[in-house]
Amino acid sequence: MTTTHQPATPFEMGGIGHSVRRKEDDRFIQGAGRYLDDIQLPGMLHMAILRSPIAHGRILSIDTSEAEATDGVVAVVTGEMLAAHGLAWMPTLSGDTQAVLATDKVRYQGQEVAAVIATDPYVARDALSGIFVDYEELPAITSPQQALEPGAVLIRDEKEGQTDNVAYTWEAGDKAATDEAFAKADLVVTLDTHYPRSHPAPLETCGVVADVNPATGEATIYLTSQAPHAHRTLFAIVAGLPEEKIRVVSPDIGGGFGNKVPIYPGYVVATAASLLIGKPVKWVESRSENLISTGFARDFHMHGELALTADGRILGLRASILSDQGAFYADAQPTRFRAGLFHICTGSYDFGAAHVTAKGAFTNKAPGGVAYRCSFRVTEASYLIERLVQNAAYELGMDPAEFRLKNFIRPEQFPYLSPTGFVYDSGDYHTALRKAMEMIDYEGWRRRQQEPHPEGKLIGIGIASFTEVVGAGNSRTYDIAGLKMIDSAELRIHPTGKAILKLGVKSQGQGHETTFAQIVAEELGIPFEDVKVQEGDTDNTPYGLGTYASRSTPVAGAATAVVARQIREKARKLAAHLLEASPDDLEWEPGRFFVRGVPDKGVTIQEVAFAAYTNFPEGMEAGLEGVHYYDPPNMTYPFGSYIVVVEVDPEDGTWKVLDMVAVDDCGVRINPMIVEGQITGGLTEGFAKANMQWITFDENGNCIGSNFLDYLVPTAWEAPRFRLGETVTPSPHHPIGAKGVGESATVGSPAAYVNAVIDALWSKGVRNIDMPVLPHRVWGALNGVEVAP
Amino acid sequence: MYPPAFEYAAPESVEEALDRLAEVGDEGRILAGGQSLIPMMKLRLAAPAHLIDINEIAELAYIREVNGHLAIGALTRHADVVRSEVVAGGCATMASAAPWVADPLVRNRGTVCGSVAHCDPEGDWNSVMLAVGAEVVARSKQGERVIPISEFVVDFFTNSLRPGEMVTELRVPRDDDRSGGAYLKLERKIGDYATVGVAAHLRLDEQGRIARAGLALTSVGPINLKVTEAEEMMVGQEPGDELFAEAAQIAARTCEPTSDVRGPAEYKRSVVAAYTRRAFGRALAGARGET
Ligand SMILES: Cc1cc2nc3c(=O)[nH]c(=O)nc-3n(C[C@H](O)[C@H](O)[C@H](O)COP(=O)(O)OP(=O)(O)OC[C@H]3O[C@@H](n4cnc5c(N)ncnc54)[C@H](O)[C@@H]3O)c2cc1C
């Protein structure tokens, strides 16, 4: 069902549906945010990390004496020293172990080998050149295919029982049913594609200020963290510190995109150093360190097959993936799902059978596998099915829009059980696609495409009709490192009717301080300006798993709505007391209770709040506050249809976007302006992936992409102009019907761009170009020239 | 990112800068816009012991027309060139290149002379200067000399300045009304160095034949490459698609691209050919007053 949301509150109150300005921006645009690197503590020392210059090698010796003798150097930390405290290795979020500082071997270029602690950040860096490491170089493995070759050098030789370079294997779906579907097919369309390694590259790099009090043993750890509570627990487990003595504070965060979900070696070393030295230690990565060593994303080699009938119906999907995990298996993902939620790869289409197999390989590259602006490998899944669907349409001689409309899950089929076991909550894919087609004038572009171009350019039109799965968990199915994927909200109404909302999630730029205040405004009628949203300090907020995978609104947003409703029920009793009426006789309008039939006889929520501390009835507990832990009954399934028109120059292989429309359905939109901001950012990041952005390695495992001259980030200059549209299909199980939107556009858009380029080149015999669709790759495809990479 | 330690001076006159340069010898570096030098220092690829910052020498910021050439001072920023009427009317190749150099932020700081002095084969300006036949004015405490650009650009990141010398000015021949030029650049995004850059310059004689042709290439050799063979071949010829295609073939054949993340050598040659044709097409339109 498609509806449009009419705000129930006046604009000044700022409930759901109002594009009020972001409260947090006052401080951000005035340069008054407080980021990690702004933190200065008395006596604070600075840390710099020595990293491996090579991709694979045995450490023969480390000589730190010259560095130690440098003026201003307080200590030099090596893996040997950490080993003495049991801290040389740490667990990853996928159950593997990862070196904190290398003791035996280095396994990727940029791996942490030693750290200098000094009185000054310049001195710390200068002293790195006084550490001498002798390496015996080993062959570097730079692709998962190479890793799995018989006789390939064993990367994880330290791991008991590990005899090859396989990191994991996994499968989902029904093999027999899928084989059966393929046996019935008139046509099978296949696609092999690599979703390249990329990096979230947030504007603010990662860092820590570890402040361990030598007397009390209390550790305050300021951290660029998307998940401060989970990090506190992991710190307790890794470092063996009592959890009540650890306080993680995540200050303002300058972008995360999944990059700030893992715990990095630098955090552990700085904390250990602070513990041993008894002074605060700050470590902030440089840009190159961030790009070369922290959580990468994607890097999936995918093979897909669609079984089709001659009249254009999909019968089944086979997908197999080979993932490049780097040296440690460190994906931040729910425990049960070894390849994240990749099995959402049946997408928006209704067919009976699917089978997915996945294998991960260790290589001599940085670990990570973070969900860069996507819910655990959903981007890769969406890309595969949307590319396959377009190629299938062409092979069948059908228009790709018509093919999609024919195979979409129909609105009346929701809730829809997918062949890999997801229960899609709600959707109306036909309406979204038709709306996008209308907005861009799809038929018109198809006609123009046929007309000869004066400069010989080629026009292409690409569609992606994605479905995401976001908002983990429920707790039955989803946990990370054993921690169930719930989230929480604590709401306190002050006597003057103002409020503080404390959450276990953590904004990195998404606008939580506004959006969540708007949910309170909607439910309690307290103006959003009067609701302070507090996040990031584990001593001061209830437990939660953090912000990633578009889960804040689906989970913490739901918790907020529920706790606000609980408070409203108590407020009703207080109002009844004040009005000398029965609670059942009271009506609620935003911000006010009144006696049914006597609209003049009422009390505002502010008056009720005052009474909660000044005039509460006997037998009632004072105060007006509550906390709720929300365990979502299901995930939410945002969807949308994007259409891109491109113009390709066949001579130099460049392509540019002539028009793009994005129709998103994320359920009810709390702040439409913030939603559109999220979508615009995501479309830009999707464009980056499709057009220019990747991290590559040479045959020796040297990382190419360790700075912004090699790792390209689009600016307003090259980002296409987007036109946005919406449909609203509320989530039936979410208290306010919202689905989460932080990642839709990053997930959905890459395939739309690539489909457009392939559409332009299809008549020239081009069937696929991997991302990024760089000019030389287009040129190579058109001229039949193999281009590597 | 943290550069190694250095001494810093900010002289207020050229004389003072030259004194300082003489004093510190090989250990000193001129700091102009800092858009190449500072990143190299932060990446610890360069570690000069002394920086001589010329940004306080206001007298070096100018674009003037003198005696049939444009004089560009050592503090003239890329952005000044983008906005300059003198350049727009006096050197079509420069005017065409200016908006393609780096990004708007870098253009506000980076200087043309700094870029020329830097001799980065991926820098755009030296191709322009080679195509139009510019000259570099160098000064030291011993005096001033004028160096033709083709003798100034010596090698990969190497110019022919002598110890104690700095660049004070660039002299660019002024286009007459039968001249035209263009710079075409293939880049992956704004602020990216060229995958391929082509600078073309044409002057026609009274009969409409080619009196002078200039052609130079960016990012396809160890230095910016002047394609002398094509330039000489074109002189005296009737301009047009056929001739430009021939020049394009020479350019593609003589350039020395390497295969890298920006594409295989074969691809770059192909773009050199296409852009040479296109650039001369635009230069011709300009020379004939058709733009
Ligand atoms: C993000 C980014 C993108 C860029 N993209 C491009 C691009 O697309 N195309 C392009 O051409 N360039 C590009 N650049 C480089 C930019 O154009 C620089 O401005 C230019 O290369 C150097 O000029 P500068 O004034 O900044 O010189 P500096 O960095 O100050 O100096 C560079 C070198 O020249 C020397 N030098 C400077 N001035 C003099 C002088 N008067 N006499 C003697 N020696 C001198 C210095 O000692 C130093 O060795 C880019 C730079 C950045 C940071």
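All figures in this text were calculated on a predicted structure; none of them were measured in a lab. For every chain, the first residue of the written sequence is number 1, and numbering continues from 1 onward in sequence order. Going through the entries in the order they are written, you letter the chains from A and number the ligands from 1. For this predicted model, a pLDDT threshold of at least 70 governs which residues receive local features, and a threshold of 80 or more governs which side-chain atom pairs are given and counted, while totals over whole chains, interfaces and linings are taken from all residues. The side-chain values count all of the structure's non-hydrogen atoms but skip hydrogen atoms and water molecules.

Peer 1: How do you make sense of the overall build of chain B when you look at a structure like this?
Peer 2: Helix and strand counts for chain B stand at twelve helices and 14 strands. Seen through its principal axes, chain B has C-alpha atoms that stretch 55 × 45 × 30 Å. Burial analysis of chain B (291 residues in total) assigns 56% to the buried set. By sequence separation, contacts in chain B at least 24 residues apart represent 63% of the contacts at least 6 residues apart. Counting rule applied: Lys, Arg positive; Asp, Glu negative; His and chain ends not counted. Working definition for charges: the position is that of NZ of Lys, CZ of Arg, CG of Asp or CD of Glu. Counting 31 positive and 42 negative side-chain charges, chain B places the averaged centre of each group 4 Å from the other. Put simply, DSSP marks the helices as runs of H or I at least four residues long and the strands as runs of E at least two long, and each gets a number from the N terminus on. For every residue, the accessible area obtained with a 1.4 Å probe (protein chains only) is divided by the maximum for its type, and the residue is called buried under 20%, exposed over 50%, and partly exposed between those limits. Contacts: residue pairs with any heavy atoms within 4.5 Å of one another.

Peer 1: Can you walk me through a nonpolar patch on the surface in this structure?
Peer 2: All names here are of chain B. Residues with no salt bridge and a relative accessible area higher than 30% make up the patches, which join like charges within 9 Å and nonpolar side chains (Val, Leu, Ile, Met, Phe, Trp, Tyr) within 5 Å. Surface accessibility in these figures is a Shrake-Rupley result with a 1.4 Å probe; residues are shielded only by whichever protein chains are displayed. Salt bridge criterion: a side-chain nitrogen from Lys or Arg within 4 Å of a carboxyl oxygen from Asp or Glu. Residues Met1, Leu43 and Leu45 make up a contiguous nonpolar surface patch of roughly 290 Å² in combined accessible area. Along the chain, methionine 1 falls in the segment before β1 (7-9). The exposure class of methionine 1 is partly exposed, given its relative accessible area of 35%.

Peer 1: Teacher, can you tell me more about unusual backbone geometry here?
Peer 2: A negative phi holds for most residues other than glycine; trans holds for most peptide bonds. All names here are of chain A. Residue proline 415 is bonded to the preceding phenylalanine 414 through a cis peptide linkage, with omega at -5°. Along the chain, proline 415 falls in the loop between α11 (400-407) and β19 (416-417). Between methionine 771 and the following residue, proline 772, the backbone shows a cis peptide bond with an omega angle of -10°. Note on placement: proline 772 falls in the loop between α18 (744-761) and α19 (775-783). Of note in this structure, aspartate 441 is not a glycine but carries a positive phi near 60°. Residue placement: aspartate 441 occurs in the loop between α12 (429-440) and α13 (442-450).

Peer 1: I tried to follow the domain arrangement of chain B on my own but got confused; where do I start?
Peer 2: Interface extent is often summarised as the accessible area lost during association of the parts. Partitioning chain B into structural domains gives domain 1 (7-53), domain 2 (58-173) and domain 3 (179-286). Taking the mean C-alpha position of each, domain 1 of chain B and domain 3 of chain B sit 35 Å from one another. These domain boundaries are the output of an automatic or database domain assignment.

Peer 1: Looking at this structure, how should I read the packing of aromatic side chains?
Peer 2: Each aromatic ring pair is specified by the distance between its two centres and by the angle formed by the two planes. Residue and element names in this part refer to chain A. Aromatic rings from Phe, Tyr and Trp, with only the six-membered ring used for Trp, were paired whenever their centres fell within 6.5 Å, and each pair was classed as stacked if the ring planes differed by under 30 degrees, edge-to-face if by over 60, and tilted otherwise. In this structure the tally under the stated criterion is 27 aromatic pairs over all chains. Between tyrosine 267 and tryptophan 283, the aromatic rings sit 6.2 Å apart at their centres with planes inclined by 65°, giving edge-to-face as the arrangement. One end of the pair, tyrosine 267, is in helix α8 (residues 265-277); the other, tryptophan 283, is in strand β14 (residues 281-284), with 16 residues separating them in the sequence. Cation placement over rings: the criterion is NZ of Lys or CZ of Arg within 6 Å of the ring centroid and within 35° of the ring normal. Cation over ring: arginine 318 sits above phenylalanine 182, and NZ or CZ is 4.0 Å from the ring centre. Its end group placed over the ring of tryptophan 445, arginine 448 keeps NZ or CZ at 4.0 Å from the ring centre.

Peer 1: Help me understand the pairing of strand β26 (residues 531-534) of chain A, please; the structure alone is not making it clear to me.
Peer 2: In the case of a regular strand, side chains alternate between the two sheet surfaces. All names here are of chain A. As paired elements, strand β25 (residues 499-503) and β26 share four bridges and run parallel to each other. What sits directly across from alanine 499, in β26, is valine 531. Handedness is read with the strands pointing away from the viewer; a crossover is right-handed when the path from the first strand over the helix to the second is clockwise. As for the winding sense of the linkage, the β-α-β connection from β25 through helix α14 (residues 512-524) to β26 is right-handed. The pairing criterion for strands is at least two bridges between them, as found by DSSP.

Peer 1: Would you mind going over the sheet that holds strand β12 (residues 196-204) of chain B with me for this structure?
Peer 2: The pairing of strands in a sheet happens through backbone hydrogen bonds and is either parallel or antiparallel. All names here are of chain B. The strand order β11-β12-β13-β14 describes an open sheet built from four strands, whose pairing is antiparallel. The open sheet terminates on both sides in strands that have one partner only, identified here as β11 (179-186) and β14 (225-226). Where β12 and strand β13 (residues 210-218) come together, eight bridges link them in antiparallel fashion. Bridged to leucine 204 within β13 is isoleucine 210. Strands β11, β12, β13 and β14 of the sheet are contacted by helix α8 (residues 125-132), whose axis makes an angle of about 160° with β13. Orientation is described by lines fitted to C-alpha atoms, with helices fitted over the stretch in contact, and by angles between N-to-C directions that extend from 0 to 180 degrees.

Peer 1: Explain the layout of surface pockets here, please?
Peer 2: Vacant regions in the atomic arrangement are exposed by a probe of water-molecule size rolled over the atoms. Space inside the second largest pocket adds up to approximately 1100 Å³. Lining the second largest pocket are 38 residues, with Asp652(A), Thr654(A), Trp655(A), Lys656(A) and Trp100(B) sitting closest to its centre. Among the secondary structure elements, those contributing two or more residues to the lining of the second largest pocket are β31 (639-648), β32 (655-665) and α17 (672-691) of chain A together with β11 and α12 (265-287) of chain B. Residues are grouped as follows: Ala, Val, Leu, Ile, Met, Phe, Trp, Tyr, Cys and Pro are nonpolar; Asp, Glu, Lys and Arg are charged; every other residue, Gly included, is polar. Partitioned by chemical class, the residues of the lining of the second largest pocket number 19 nonpolar, five polar and 14 charged. Within this scheme a cavity is a closed region of a 1 Å grid, computed over the protein atoms alone, that accommodates a 1.4 Å probe without allowing it to escape, whereas a pocket is open but has protein on both sides within 12 Å along at least five of seven lines; lining residues each have an atom within 4 Å of a point. Grid points are joined across faces, edges and corners, and a volume is the space filled by probe spheres set on the points.

Peer 1: Even after reading the chapter, I still don't get the site of the ligand, so can you show me in this structure?
Peer 2: Residues and elements named next belong to chain B. Of all residues adjacent to the ligand, which total 29 residues, the nearest are Arg29, Ile30, Thr111, Asp124 and Lys185. We call two N or O atoms a polar contact when they sit within 3.5 Å, provided that within protein one can donate a hydrogen and the other can accept it, with sequence-adjacent residues counted only if both atoms are side-chain atoms. Within the backbone of glutamine 35, an N or O atom sits 2.8 Å from an oxygen atom of the ligand. One of the backbone nitrogen or oxygen atoms of aspartate 192 is found 3.2 Å away from an oxygen atom of the ligand. Across the complex, the protein chains shield 92% of the 960 Å² of accessible surface that the ligand would expose by itself. Mapped onto the shell around the ligand, the elements with two or more residues apiece are β2 (28-31), α7 (112-118) and β10 (166-173). Residue classes in the shell around the ligand are distributed as 13 nonpolar, twelve polar and four charged. Any residue with a heavy atom lying within 4 Å of a molecule or strand is counted as near it.

Peer 1: Would you mind going over the side chain of Gln678(A) with me for this structure?
Peer 2: With respect to the element layout, Gln678(A) can be found in helix α17. Not counting residues up to four positions away in its chain, the partners in contact with Gln678(A) are Arg373(A), Gly509(A), Gln510(A), Val741(A) and Gly742(A).

Peer 1: Explain the packing of helix α10 (residues 378-396) of chain A against α18(A) to me, please; I cannot follow it from the model alone.
Peer 2: When two helices pack together, their arrangement is captured by the angle between the axes and the distance separating the axes. Residue and element names in this part refer to chain A. α18 packs onto α10 with a crossing angle of 30° between their chain directions and a minimal axis gap of 8 Å. Taken together, the axis directions place α10 and α18 in an arrangement best described as roughly parallel. Relative to α18, α10 is oriented so that their crossing is right-handed. Only Thr746, Val747, Gly748, Pro750, Ala751, Val754, Asn755, Ile758 and Asp759 of α18 make contact with α10, whose side of the interface consists of Val378, Thr379, Ser382, Tyr383, Glu386, Arg387, Gln390, Asn391 and Tyr394. Classifying every residue of the contact of α10 with α18 gives eight nonpolar, seven polar and three charged. An angle below 35 degrees is treated as roughly parallel, one above 145 as roughly antiparallel, one from 65 to 115 as roughly perpendicular, and anything else as oblique. Definitions for this section: a left-handed crossing has its near helix turned counterclockwise from the far helix by less than a right angle. A right-handed crossing has that turn clockwise.

Peer 1: Sorry if this is basic, but what is going on with the nonpolar core here?
Peer 2: For soluble globular proteins, nonpolar side chains are generally found buried alongside one another. Residue and element names in this part refer to chain A. Judged by nonpolar contacts, the single largest core of 164 residues is most densely connected at Phe342, Ile643, Trp655 and Tyr753. Excluding its chain neighbours within four sequence positions, the residues that come into contact with tryptophan 655 are Val646, Glu647, Val648, Phe687, Ala690, Asn691, Tyr753, Val757, Val773 and Val778. Residues belong to a common nonpolar core when they are buried Ala, Val, Leu, Ile, Met, Phe, Trp, Tyr or Cys residues joined through side-chain atoms within 4.5 Å. Residues Ala489, Phe528, Ile605 and Leu624 belong to the second largest nonpolar core, which totals 50 residues.

Peer 1: Honestly, the packing of α10(A) against α11(A) in this entry has me stumped. Any pointers?
Peer 2: All names here are of chain A. With their axes 9 Å apart at the nearest point, α10 and α11 run at an angle of 110° to one another. The orientation of α10 relative to α11 falls into the category roughly perpendicular. Every pair of crossing elements has a handedness; the one defined by α10 and α11 is right-handed. Along its contact with α10, which presents Glu386, Val389, Gln390, Ala392, Ala393, Tyr394 and Leu396, the element α11 presents Pro400, Phe403 and Arg404.

Peer 1: Can you walk me through the sheet that holds strand β2 (residues 57-63) of chain A in this structure?
Peer 2: Residues and elements named next belong to chain A. Strand order across the open sheet formed by three strands is β6-β2-β8, with antiparallel pairing between neighbours. The strands lining the two open edges of the sheet, one partner per strand, are β6 (105-106) and β8 (132-137). Strand direction decides the pairing type here: β2 and β6, joined by two bridges, are antiparallel. If you follow arginine 58 over to β6, its bridge partner there is lysine 105.

Peer 1: For this particular structure, what's the right way to read the pattern of salt bridges?
Peer 2: Oppositely charged side chains can form a pair if their charged atoms are brought close together. Residues and elements named next belong to chain A. Applying the stated criterion across every chain yields a total of 66 salt bridges over all chains. The residue arginine 156 makes a salt bridge to aspartate 96 at a minimum N-O spacing of 2.7 Å. Highlighted residues: arginine 156 in the loop between α5 (144-147) and β9 (166-173) and aspartate 96 in the loop between β4 (89-91) and β5 (97-99), separated in sequence by 60 residues. Accessibility assignment for this pair places arginine 156 and aspartate 96 in one class, buried. Taking the shortest distance from any N to any O, the salt bridge between glutamate 204 and lysine 260 comes out at 2.9 Å. Taken together, the positions of glutamate 204 in the loop between β10 (187-198) and β11 (207-212) and lysine 260 in the loop between β13 (246-249) and α8 put the pair 56 residues apart, joining distant regions of the chain. Accessibility assignment for this pair places glutamate 204 and lysine 260 in one class, buried. One salt-bridge network, in which partners are shared between bridges, spans Arg58, Asp96, Asp104, Lys105, Arg107, Arg156, Asp157, Glu158 and Lys159.

Peer 1: Is there a simple way to think about the state of the cysteines in this case?
Peer 2: Disulfides are covalent bonds that connect the sulfur atoms of two cysteines. Cysteine sulfurs are considered disulfide-paired once they come within 2.5 Å of each other. Enumeration over the complete set of coordinates arrives at zero disulfides over all chains. Free cysteine Cys345(A): the closest other cysteine sulfur is in Cys374(A), separated by 13 Å.

Peer 1: In this structure, what is going on with the interface of chain A and chain B? I would like to understand it.
Peer 2: Listed as interface residues are 28 residues of chain A and, on the opposing side, 27 residues of chain B. Throughout, buried area stands for the accessible area (probe radius 1.4 Å) lost by two parts on being put together, summed over both. In total, chain A and chain B occlude about 2400 Å² of area from one another, counting both sides; carbon and sulfur atoms represent 61% of this. Along the contact surface separating chain A from chain B lie four salt bridges. In this structure, Arg44(B) engages Asp126(A) in a salt bridge whose closest nitrogen and oxygen atoms are separated by 2.8 Å. Of all the elements in the fold, those that place two or more residues in the side of chain A that touches chain B are α4 (121-128), α9 (287-293) and α19 of chain A.

Peer 1: Sorry, what's going on with the domain arrangement of chain A here?
Peer 2: Residues and elements named next belong to chain A. The domains assigned to chain A are domain 1 (25-33 + 487-630), domain 2 (39-138 + 205-253 + 260-293) and domain 3 (297-472 + 634-783). Here the C-alpha centroids of domain 2 and domain 3 sit 37 Å apart. The interface is formed by 22 residues belonging to domain 2 together with 25 residues belonging to domain 3. In this assembly, domain 2 packs against domain 3 so that about 1800 Å² is buried in total across both faces, 61% of it on carbon and sulfur atoms. If you sort the residues of domain 2 by the area they bury against domain 3, Ser94, Tyr108 and Leu291 come out on top, with a joint share of 31%. The interface formed by domain 2 and domain 3 holds zero salt bridges in total. The tally of links from domain 2 across to domain 3 stands at ten residue pairs in polar contact (both at pLDDT 80 or more). Among the secondary structure elements, those contributing two or more residues to the side of domain 2 that touches domain 3 are β5 and α9. No other element matches the five residues that α9 contributes to the side of domain 2 that touches domain 3.

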